[in-house]
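Topology and contacts: notes
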Amino acid sequence: MATKKTTRAKPPKTLVHYGSPTIKNLDIWGLPRGKHSIAPGDIARSQRARLLYAITAAVGEKGYSATTIADVVRIAKLSRTTFYQQFADKESCMIAAYEAAQFGLVRAVIDSQRAGSSWAERLRDSTRAYLSYERDYPEMTRAMLIEINAAGLRAWEHREAGYERFARMQKSLYDIARQERPTLPELPDEVFIGMIAATEEMVRSYIRAGKLHRVMELERPLLYMLEALYSGAPQAVKVLRS
């Protein structure tokens, strides 16, 4: 089923989650001309953030394959020259947008963790943080979960690295569960990667159905799956050890 195209919302006033600098009174969409006090590096970072936002917005409307650099610079309100100062090509821009999304999502999940909280609390908080981020940044989510698959082999390598990154985070959570319940078995890395893949596919189903704004509905099903997978059910442990 084809991904539903969405009407692009008004550009956000801040693009911090795309890496733009946080400078008081800086208008991200109206950078100053002529003499000003903003450092050249901050100007470049602001322009880069606009391009990352623009490519995620463009592929959300047209799909990666149909999106052109002309689309990206139009949405970013920048020149082609500025684009090529930042990126070699469309693929490089898309991969950078994917990495920005990954970084933001990882940070949101890490920030959700509270010192001293239990395994169950950490699992719930990280799941909520994950789903909330996907809901709050829909353009990034579509780019990260849908359109990245059309961006070529190098993009796939970044996606696989993203799977492994989140699998390691899941394993760290499971290690806390094993501290609380020492009888839980050690699990192979493939189990954690499979859980991440299943989670992403559930979110993708909401994107394809045009209901990403309702993605928090997946919290309970996901928590059920996570608890079931990591609960050390005797029959499952028997299969694992056979």
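Presented here is an overview of the structure given in this document. Everything numeric here is computed off the predicted structure, so don't read it as measured data.

To continue, consider the pattern of salt bridges. This model, assessed by the stated rule, comprises 15 salt bridges. Between Arg124 and Asp125 there is a salt bridge; the shortest N-O distance is 3.1 Å. Taking the relative accessible area as the measure of exposure, Asp125 reaches 11% and is therefore buried. Across the pair Glu201 and Arg204 runs a salt bridge whose closest N-O atoms are separated by 2.9 Å.

Tallied over the entire structure, the rule returns 8 aromatic pairs. By the ring-pair criterion, three or more aromatic residues cluster together here, those being Trp119, Tyr174, Phe192 and Tyr230. A cation over a ring is seen here: Arg159 above Tyr163, with NZ or CZ 5.0 Å from the ring centre.

Turning next to the packing of helix 4 (residues 90–112) against helix 6 (residues 138–145). Contact geometry for helix 4 and helix 6: axes closest at 9 Å, N-to-C directions at 115°. One finds that helix 4 runs roughly perpendicular with respect to helix 6. Two packed elements cross with a definite hand, and for helix 4 against helix 6 that hand is left-handed. Touching Met94, Ala97, Tyr98, Ala100, Ala101, Gln102 and Leu105 of helix 4 are Met140, Ala143 and Met144, all from helix 6. Considering only residue class, the contact of helix 4 with helix 6 consists of 9 nonpolar, 1 polar and no charged.

Thresholds, definitions, all that
- Residues numbered from 1 in each chain as written.
- Predicted model: local features only at pLDDT ≥ 70, side-chain atom pairs only at ≥ 80, totals over all residues.
- Heavy atoms only, no water.
- Salt bridge = Lys/Arg side-chain N within 4 Å of Asp/Glu carboxyl O.
- Buried < 20%, exposed > 50% of the residue type's maximum accessible area, 1.4 Å probe, protein only.
- Phe/Tyr/Trp six-rings, centres within 6.5 Å; stacked < 30°, edge-to-face > 60°.
- Lys NZ or Arg CZ within 6 Å of the ring centre and 35° of its normal.
- Axes fitted to C-alpha atoms, helices over the stretch in contact; angles between N-to-C directions.
- Helix = DSSP H or I, 4+ residues; strand = E, 2+ residues; numbered from the N terminus.
- Parallel < 35°, antiparallel > 145°, perpendicular 65-115°, else oblique.
- Left-handed = near helix turned anticlockwise from the far one by under 90°.
- Contact = heavy atoms within 4.5 Å.
- Nonpolar A, V, L, I, M, F, W, Y, C, P; charged D, E, K, R; others polar.

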